[in-house]
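Architecture at a glance
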Amino acid sequence: MSTRLNGAQPYALGLFRFVIGLIFAIHGASSLFGLFGGREPEVGAWPGWYAALIQLVCGTLVALGLGTRIAAFLASGSMAYAYFVVHQPEALTPVGNGGEASALFCWAFLLLVFTGPGAGAVDRLLGARSERGSAEEPHRERATAVPA
């Protein structure tokens, strides 16, 4: 059974990345544009507007698997900031201070920083193309070179 589960790991990780990124992007869109019952912050208001922008952009990038590690690192940092600056002063534990979502997003994105995007990521598709292209280029150069 472990062999089957290990074989499915890249796909499970890709699905995890997509779902976490999508939920984060939706949260950002809700906060930024007042969609889905959210409240729009004033443009440029610190930290709400910037947090919503980070959530929308990084969540979308993570969901697509484009620049996953960098986007996940920024998203994780923004959620660590949200937890320690906004929630933690209210109470010590996430349950007591309402910071469960911030803590979970922080750790989920930090995991993606270390694991990478998994299967189905745009990064992997672009990487496969560039590897194929760089493998083909030397053959083209040799074919078009004129012997001395």
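Residues numbered from 1 in each chain as written. Predicted model: local features only at pLDDT ≥ 70, side-chain atom pairs only at ≥ 80, totals over all residues. Heavy atoms only, no water.

Our working definition: UniProt positions are given in the numbering used here, feature names are shortened, and annotations may be inferred rather than shown by experiment.
If you look the chain up in an unreviewed UniProt entry, it shows as DoxX family protein from Streptomyces cavourensis. Quoted verbatim from the Subcellular location (unreviewed entry) field of the UniProt record, the comment on the chain reads "Cell membrane". Listed in UniProt under the heading Sequence similarities (unreviewed entry), the comment for the chain reads: "Belongs to the DoxX family."

**Re the overall build of the chain**
Condition: Under the DSSP-based scheme used, a helix requires at least four consecutive residues in state H or I and a strand at least two consecutive residues in state E, with every element numbered from the N terminus. To sort residues, take the accessible area from a 1.4 Å probe on protein chains only and compare it with the maximum for the residue type: under 20% means buried, over 50% means exposed, and anything in between is partly exposed. Should any heavy atoms of two residues lie within 4.5 Å, those residues are counted as being in contact. Each accessible area is a Shrake-Rupley estimate made with a 1.4 Å probe; only the visible protein chains count as cover when residues are assessed.
A count of helical and extended segments in the chain gives six helices and zero strands. Mapped in sequence order, the helices and strands of the chain form the string α-α-α-α-α-α. When the 148 residues of the chain are sorted by exposure, 30% land in the buried category. Put simply, of all contacts in the chain between residues at least 6 apart along the chain, 64% involve residues at least 24 apart. Summing over all exposed atoms, the chain offers an accessible surface of approximately 9,700 Å²; the carbon and sulfur share of this is 68%.

**Describing the environment of Ala91**
Following the sequence through the fold, Ala91 ends up in the loop between helix H3 (68-87) and helix H4 (94-97). For Ala91, a relative accessible area of 23% puts it in the partly exposed group.

**A look at the packing of helix H2 (residues 48-64) against H3**
Short version of the rule: Fitted lines through C-alpha atoms give the axes, limited to the stretch in contact for helices. The angle between two N-to-C directions lies from 0 to 180 degrees. A crossing counts as left-handed when the near helix is turned anticlockwise from the far one by less than a right angle, and as right-handed when that turn is clockwise. When residues are sorted by character, Ala, Val, Leu, Ile, Met, Phe, Trp, Tyr, Cys and Pro go into the nonpolar class, Asp, Glu, Lys and Arg into the charged class, and all the rest, Gly among them, into the polar class.
At a closest axis distance of 9 Å, the pairing of H2 and H3 adopts a crossing angle of 145 degrees. H2 and H3 meet at a crossing whose hand is left-handed. Listed contacts from H3 to Ile54, Gln55, Cys58, Leu61 and Val62 of H2 are Thr68, Ala71, Ala72, Leu74, Ala75, Ser78 and Met79. By residue class, the composition of the contact of H2 with H3 is nine nonpolar, three polar and no charged.

**Topic: the side chain of Ser102**
With respect to the helices and strands, Ser102 occurs in helix H5 (residues 100-115). Setting aside its immediate chain neighbours within four residues, Ser102 contacts Met79, Ala82, Tyr83 and His87.

**Regarding the UniProt feature "transmembrane region" (unreviewed entry) in the chain**
When the UniProt feature table is mapped onto this chain numbering, "transmembrane region" (unreviewed entry) sits at residues 12-36, 48-66, 71-89 and 101-122. End-to-end, the C-alpha atoms of residues 12-36 are 28 Å apart, and along that stretch the chain is 88% helix and 0% strand. Measuring from the first to the last C-alpha atom of residues 101-122 gives 27 Å, for a span that is 73% helix and 0% strand.

**Observations concerning the environment of Val86**
Mapping Val86 onto the fold places it in helix H3. Distance from Val86 to Ser102, taken between C-alpha atoms, is 9.8 Å for residues 16 residues apart in sequence.

**Some remarks on H2**
Counted only if it meets this: One fewer than the residue count of a helix, multiplied by 1.5 Å, yields its expected span.
For H2, spanning 17 residues, the distance from its first C-alpha to its last is 24 Å, which sits close to the expected 24 Å at 1.5 Å a residue. Those residues of H2 lying buried are Trp49, Ala52, Gln55, Cys58, Gly59, Val62 and Ala63. On its buried side, H2 packs onto helix H1 (2-33), H3 and H5. Of the residues flanking the end of H2, it is Gly65, one or two places downstream, whose phi is positive at about 80 degrees.

**Notes on the nonpolar core**
The condition that has to hold: Remark: nonpolar core denotes a set of buried residues (Ala, Val, Leu, Ile, Met, Phe, Trp, Tyr, Cys) joined through side-chain atoms within 4.5 Å.
Counting residues in each nonpolar core, the largest one holds 16 residues, and the members touching the most others are Phe24, Val62, Ala72, Met79, Phe105, Phe109 and Leu112. Residue assignment for this core shows that the elements contributing at least two residues are H1, H2, H3 and H5. Sort the elements by how many residues they give to this core and H5 lands first, with six residues. Contacts of Val62, omitting those with residues within four sequence positions, involve Arg17, Gly21, Thr68, Ala71, Ala72, Phe109 and Leu112.

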